[in-house]
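# Remarks on the overall topology
Listed below are the residues making up each chain.
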Amino acid sequence: MFSMNRFAFRCGRWLLAGLTLTSLSGCGSYNRLVSLDQKVNKQWADVQSVYQRRADLIPNLVNTVQGAANFEKSTLTEVTNARASVGQVKLDPSKAPTDAAQLEQFQQAQGQLSTALSRLLVVTENYPQLRATEAFQNLQAQLEGTENRISVERSNFNAAVQDYNTALQRFPTNMLNKMFGFKERPFFNAQPGSEKAPAVNFGAFGNTPPPAPPVPKPSGMVGNPSAAPSLAPPP
């Protein structure tokens, strides 16, 4: 009887130790998920910040460009409408989306704005005096920096999402997903050429390379170049 009680006591101790370790492991996994989730949200806020920075530059760009005489109004309208479409996509700037369709809608709107801006800048090749102004050159520098930051922050966001989603699938963290409501986060989809920030080079528009110099004729070939030189000895 004493031996059975002693065995039961030992089993209870081991069971209690196992439950304690499991609880501590679960707490550590939960805390790690919280940290990774906060990192994703922080990176999302950075992405939103640089996109907002670009949106804030557009009114200055439009005002500068429309000052040029006879500038194409349809191009300016396209940029203005694309910026308005971006504003219609409402996403929480402090919390990364969990719905892939919402992120895709956001990305499409931003892509349309990028396309409209590219068309606007291409049109400016017809206005060399506009490109030479100080205001235009300042916008060039600001847009270049903003486009670079967008590329960097999108990459940082995807990296944070990768770490978070990977942690959700590992044991024992995957047991906490439904219990505490952790959900996978979608990525930004890579577009062709998206590994490089789009070039915003105002000064390059309209500059065509100089024509290639004419190929010099070989010596001795005067007149009709197709005629073969005479090999007969002089008289």
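Just so it is clear, the structure is predicted and the values come from calculations on it, not from any experiment.

A few words on the overall build of the protein chain. In terms of helices and strands, the protein chain carries six helices and zero strands. Element order for the protein chain, N to C, with α for helix and β for strand: α-α-α-α-α-α. The buried share of the protein chain, taken over its 235 residues, is 30%. Of the contacts made within the protein chain by residues no fewer than 6 positions apart, 83% connect residues no fewer than 24 positions apart. For the protein chain, the exposed surface amounts to about 15400 Å²; the carbon and sulfur share of it is 57%.

Scanning the entire structure with this criterion turns up five salt bridges. Close ionic contact of R185 with D37 constitutes a salt bridge, the shortest N to O distance being 2.6 Å. Here D37 lies in helix α1 (residues 2-65) and R185 lies in the segment after α6 (177-180), a separation of 148 residues in the sequence. Accessibility assignment for this pair places R185 and D37 in one class, buried.

Time to look at the environment of D46. Within the element layout of this structure, D46 appears in helix α1. Each C-alpha atom of the pair D46 and R149 lies 9.4 Å from the other, and the pair is 103 residues apart in sequence.

If you walk through the whole model with that rule in mind, you get eight aromatic pairs. Between W44 and F188, the ring centres sit 6.2 Å apart and the planes meet at 25°, which makes this aromatic pair stacked. Taken together, the positions of W44 in helix α1 and F188 in the segment after α6 put the pair 144 residues apart, joining distant regions of the chain. The class for F188 is buried, based on a relative accessible area of 4%. Here the aromatic rings of Y51 and F106 are separated by 5.4 Å at their centres, their planes lie at 85°, and the arrangement is edge-to-face. One end of the pair, Y51, is in helix α1; the other, F106, is in helix α3 (residues 100-123), and 55 residues separate them in sequence. F106 shares its class with Y51; the two are buried. Taken together through their ring pairs, the aromatic side chains of W44, Y51, F106, F157 and F188 make up a single cluster.

Here we come to the nonpolar core. Formed by 44 residues in total, the largest nonpolar core has its most connected members in W44, L61, V65, F71, F106 and F157. Looking at this core, the elements with two or more residues in it are α1, α2 (73-88), α3 and α5 (134-169). Sort the elements by how many residues they give to this core and α1 lands first, with twelve residues. Ignoring any residue separated from it by four or fewer positions in sequence, one finds F106 in contact with W44, Q48, Y51, V89, L91 and F188.

Let us look at the side chain of Q48. The residue Q48 is located in helix α1 in this model. On the basis of relative accessibility, which here comes to 14%, the residue Q48 falls in the buried class. When near neighbours in sequence (up to four residues on either side) are disregarded, Q48 contacts L91, D92, P93 and F106.

With that out of the way, let us pick up the side chain of R185. Classification of R185 as buried rests on a relative accessible area of 5%. Within polar-contact distance, the side chain of R185 engages the side chain of N41 at 3.2 Å. Side-chain polar atoms of R185 contact the backbone oxygen of A96, separated by 3.3 Å.

With that out of the way, let us pick up the environment of N189. When you line up the elements, N189 lands in the segment after α6. Here the alpha-carbon distance between N189 and R154, two residues 35 residues apart in the chain, equals 9.7 Å. There is a polar contact of 2.8 Å between the side chain of N189 and the side chain of E104.

Before going further, it helps to spend a moment on the packing of α2 against α3. Their axes nearest at 9 Å, the elements α2 and α3 cross at an angle of 160°. Put simply, α2 runs roughly antiparallel to α3. As α2 runs across α3, the sense of the crossing is left-handed. Touching T75, L76, E78, V79, A82, R83, S85 and V86 of α2 are A109, Q110, Q112, L113, A116, L117, R119, L120 and V123, all from α3. Looking at the contact of α2 with α3 residue by residue, the class counts come to ten nonpolar, four polar and three charged.

What counts as what
- Residues numbered from 1 in each chain as written.
- Predicted model: local features only at pLDDT ≥ 70, side-chain atom pairs only at ≥ 80, totals over all residues.
- Heavy atoms only, no water.
- Helix = DSSP H or I, 4+ residues; strand = E, 2+ residues; numbered from the N terminus.
- Buried < 20%, exposed > 50% of the residue type's maximum accessible area, 1.4 Å probe, protein only.
- Contact = heavy atoms within 4.5 Å.
- Areas by Shrake-Rupley, 256 points an atom, 1.4 Å probe, with all protein chains shown as cover.
- Salt bridge = Lys/Arg side-chain N within 4 Å of Asp/Glu carboxyl O.
- Phe/Tyr/Trp six-rings, centres within 6.5 Å; stacked < 30°, edge-to-face > 60°.
- Core = buried A, V, L, I, M, F, W, Y, C linked by side-chain atoms within 4.5 Å.
- Polar contact = N/O pair within 3.5 Å; in protein donor to acceptor, adjacent residues only side chain to side chain.
- Axes fitted to C-alpha atoms, helices over the stretch in contact; angles between N-to-C directions.
- Parallel < 35°, antiparallel > 145°, perpendicular 65-115°, else oblique.
- Left-handed = near helix turned anticlockwise from the far one by under 90°.
- Nonpolar A, V, L, I, M, F, W, Y, C, P; charged D, E, K, R; others polar.

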